[in-house]
Amino acid sequence: MIAARELGARQGAFRLAGVTFTVPAGAYGVVIGPAGSGKTTLLETIAGIIPASGGDLQLDGHEARHLPPERRRVGFVYQHGYLFPHLSVQDNVAYGAADPAAVDEVVRRFDLAALRHRDVVSLSGGERQLVAIARALATRPRILLLDEPFSALDPGRRARTRREVRAIHREWGLTVLQVTHDFTEAG
């Protein structure tokens, strides 16, 4: 569960203020808004990357405003699939993974086996995004935050990946919050 009440944060000159919403445990929530409206800042505040400047934030029923990011059990996928450039695909996916079986499962589910030993700098944008999604899920988070996660994928791969993320959401009972500017992506 993600529950924000009057949540606020600052990122440079940008100010996020008065954000109130609840995503029930195991639900899939979507925030739609234009570029520059604070969607990424909201996710970074929930993840603990940006400190909240006010309000309340509860994750799975626990006050989270003062929890360090590593104790929030949150997986985060940025729009640009930030990866560790000095690590292989395998090592990126395994970074912080719950266990080797979790790595194997997400590699299989996102069809990454042929890429396992490649350097991430040699990947296309879409391949990098798939690795970023797999890495976030390999940690077996309770909450998954998705920042325009499918935008780098070609239409066919986008549809397959969205279906797989939704299937994992249901099977694992994840609470998911996705942000997008695209109304078709929200469906």
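Scroll up for the structure.
An account of the accompanying structure is given in this report. (Residues numbered from 1 in each chain as written. Predicted model: local features only at pLDDT ≥ 70, side-chain atom pairs only at ≥ 80, totals over all residues. Heavy atoms only, no water.)

## Topic: the overall build of the chain
How we decide: The helix and strand labels rest on DSSP assignments: H or I over at least four residues marks a helix, E over at least two residues marks a strand, and numbering proceeds from the N terminus. For a compact globule the rule gives 2.2 Å times the number of residues to the power 0.38, and the radius of gyration it is set against comes from C-alpha atoms. Contacts were defined at the residue level, with two residues in contact if any of their heavy atoms lie within 4.5 Å. Values of accessible area rely on a 1.4 Å probe in the Shrake-Rupley scheme; residue burial ignores everything except the protein chains shown. We treat Lys and Arg as the positive residues and Asp and Glu as the negative residues; His and chain ends play no part in the count. A charged residue contributes its charge at one atom only: NZ of Lys, CZ of Arg, CG of Asp or CD of Glu.
Within the chain, the secondary structure is distributed over five helices and eight strands. Its C-alpha atoms give the chain a radius of gyration of 16 Å, within 12% of the compact-globule value 16 Å for 187 residues. By its C-alpha atoms, the chain is 45 × 30 × 30 Å across when sized along the principal axes. Pairs at least 24 apart in sequence give 70% of the contacts found in the chain among residues at least 6 apart. When the accessible surface of the chain is summed, it comes to about 9000 Å², and 52% of that surface belongs to carbon and sulfur atoms. Positive and negative charge centroids in the chain, built from 23 and 20 side chains respectively, lie 2 Å apart.

## Considerations on helix H5 (residues 155–172)
Basically, it comes down to this: One fewer than the residue count of a helix, multiplied by 1.5 Å, yields its expected span. For the exposure calls, accessible area comes from a 1.4 Å probe over protein chains only, and a residue counts as buried if that area is under 20% of its type's maximum, exposed if over 50%, partly exposed in between.
Taking 1.5 Å per residue as the helical rise, H5 with its 18 residues ought to reach 26 Å, and the 26 Å between its terminal C-alpha atoms agrees with that figure. For H5, the full list of buried residues reads Arg157, Thr161, Glu164, Val165, Ala167, Ile168, His169 and Trp172. Looking at the packing, one finds that the buried side of H5 touches strand E3 (28–32), helix H3 (100–109), helix H4 (125–138), strand E7 (143–147) and strand E8 (175–180). Immediately beyond the C-terminal end of H5, within one or two residues, lies Gly173, with a positive phi of roughly 70°.

## With respect to the nonpolar core
Most often, soluble globular proteins have nonpolar side chains that are buried together. Put simply, the rule reads: Among buried residues, the Ala, Val, Leu, Ile, Met, Phe, Trp, Tyr and Cys ones that are joined through side-chain atoms within 4.5 Å form a nonpolar core.
If you look at the biggest cluster of nonpolar residues, it comprises 30 residues, and the most contacted ones within it are Val93, Val106, Phe110, Leu112, Leu137, Leu144 and Val165. Elements represented by at least two residues in this core include exactly helix H2 (89–94), H3, H4, E7 and H5. Sort the elements by how many residues they give to this core and H4 lands first, with eight residues. In this structure, Leu112 is in contact with Val107, Leu130, Val131 and Ala134, ignoring residues within four places of it in sequence. Listed in part, the 23 residues of the second largest apolar core include Ala52, Leu57, Leu145 and Val179.

## So, the sheet that holds strand E2 (residues 14–23)
Threshold: Between any two strands, pairing holds if DSSP finds at least two bridges.
Here we have four strands laid out as an open sheet, ordered E2-E1-E4-E5, and antiparallel in their pairing. Edge positions in the sheet fall to E2 and strand E5 (62–63), since each has one partner strand and no second. Pairing of strand E1 (residues 2–11) with E2, which is carried by seven bridges, proceeds in the antiparallel orientation. Residue Leu7 lies in a different strand from E2, and its bridge partner there is Val19.

## Quick look at the side chain of Glu105
Along the polypeptide, Glu105 turns up in helix H3. The buried category is assigned to Glu105, whose relative accessible area is 19%. Those residues within four positions of Glu105 in sequence are excluded, and the remaining contacts are Arg140 and Trp172.

## With respect to the pairing of strand E4 (residues 52–59)
Regular strands show a simple pattern: their side chains alternate between the two faces of the sheet. As defined by bridge partners, E1 adjoins E4 across six bridges and the pair is classed as antiparallel. Counterpart to Gly8 in the pairing with E4 is Gly54. Sheet topology places E4 next to E5; two bridges connect them, and they run antiparallel. Bridge pairing in E5 places Leu59 opposite His62. In this structure, the hairpin formed by E4 and E5 is closed by a connection of two residues, where Asp60 is found at a positive phi of approximately 50°.

## Focus on unusual backbone geometry
The phi angle of most residues is negative, glycine excepted, and most peptide bonds adopt the trans form. A positive phi angle, close to 50°, is found at Asp60, a residue other than glycine. Judged by relative accessible area, which is 30%, Asp60 ranks as partly exposed. For Arg140, which is not glycine, the phi dihedral falls at a positive 55°. Considering the arrangement of structural elements, one finds Arg140 in the loop between H4 and E7. Residue class for Arg140 comes out partly exposed when judged on its relative accessible area of 32%.

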